[in-house]
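Breakdown of the fold
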Amino acid sequence: MPAQHSTLLGVTRGLLWLMLGLVAAAALLVLAVGIALVAAWPDVMVELKNSKTFIDPGIIQPQLLWMMAVLAAILAVAAFVLRQLQAMVASAATGDPFVPANAQRLRRIGWALVAAQLLAIPLHMIANSIAAAHSEFAGMGGLSLNNILAILLAFVLAAVFEQGAAMRDELEGTI
């Protein structure tokens, strides 16, 4: 493998670990905020009433807790996708990325991205129902053209990798 590819794979491996660490930190933050919401709700209510972000702080506790659960699920999907990408990078480092396992990983990534996009819909609905229209919080989640394109790309690449693995197996069978 050329040194440039080896370096690029090493950088990619490091970035994937960094991203996985950030996802883990975000998951811990969501968990801590969820616990704080439950434990300190009266104090949170005082702050929310003074905030211009939320419409009616008196009725949003269940929605905020559901939103935390949806965010946690999205972060779990992100961690899954990153682990699949790490496995793909590891197989590419061995010199043969066109293996059936990578096609399966890409397909799993595609389905995980579908799940994340579907989770973004209730996230948007919850945020929109409890936030003031002018706040950034109200625009959270929802459908995203970029996400839909990423989903399509993952499934197309899965088919490409599957075809590449089949061609390689066919070539090895003729030699």
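The coordinates are above.
About the criteria used
- Every chain's residues receive numbers from 1 upward, in the order its sequence appears when written.
- The predicted nature of this model means local features are confined to residues of pLDDT at least 70 and side-chain atom pairs, given and counted, to a pLDDT of 80 or more, with totals for whole chains, interfaces and linings taken over all residues.
- Side-chain numbers here rest on the full set of heavy atoms in the structure, without hydrogens or water.
- Each helix is a run of H or I in the DSSP string that is no shorter than four residues. Each strand is a run of E no shorter than two, and both are numbered from the N terminus.
- Here, residues are in contact when the closest pair of their heavy atoms is within 4.5 Å.
- By salt bridge we mean one thing: a side-chain nitrogen of Lys or Arg within 4 Å of a carboxyl oxygen of Asp or Glu.
- Every angle, taken between N-to-C directions, lies between 0 and 180 degrees, and every axis is a line fitted to C-alpha atoms, over only the stretch in contact when it is a helix.
- Any angle between 65 and 115 degrees counts as roughly perpendicular, while under 35 counts as roughly parallel, over 145 as roughly antiparallel, and the rest as oblique.
- By convention, the crossing between two helices is left-handed when the near helix turns anticlockwise from the far helix through less than a right angle, and right-handed when the turn is clockwise.

To continue, consider the environment of Ala127. Turning to its location among the elements, Ala127 is positioned in helix H4 (residues 100–130). C-alpha of Ala127 to C-alpha of Ser51: the two residues are 76 residues apart in sequence and 15 Å apart in space. Apart from residues no more than four positions distant in its own chain, Ala127 is found in contact with Met67, Phe137, Ala138 and Met140.

One pass over the structure, following the stated rule, counts one salt bridge. One salt bridge connects Arg107 with Glu162, and the closest N-O pair in it is separated by 3.5 Å. One end of the pair, Arg107, is in helix H4; the other, Glu162, is in helix H5 (residues 145–174), and 55 residues separate them in sequence.

Below, the discussion takes up the packing of H4 against H5. At a minimum axis separation of 8 Å, H4 and H5 run at an interaxial angle of 165 degrees. If you check the angle between H4 and H5, you find them roughly antiparallel. Both H4 and H5 take part in a crossing whose hand is left-handed. When H4 is examined against H5, the residues Pro100, Asn102, Ala103, Leu106, Arg107, Ile109, Gly110, Trp111, Leu113, Val114 and Gln117 are found in contact with a partner set consisting of Asn147, Ile148, Ala150, Ile151, Ala154, Phe155, Leu157, Ala158, Ala159, Phe161, Glu162 and Ala165.

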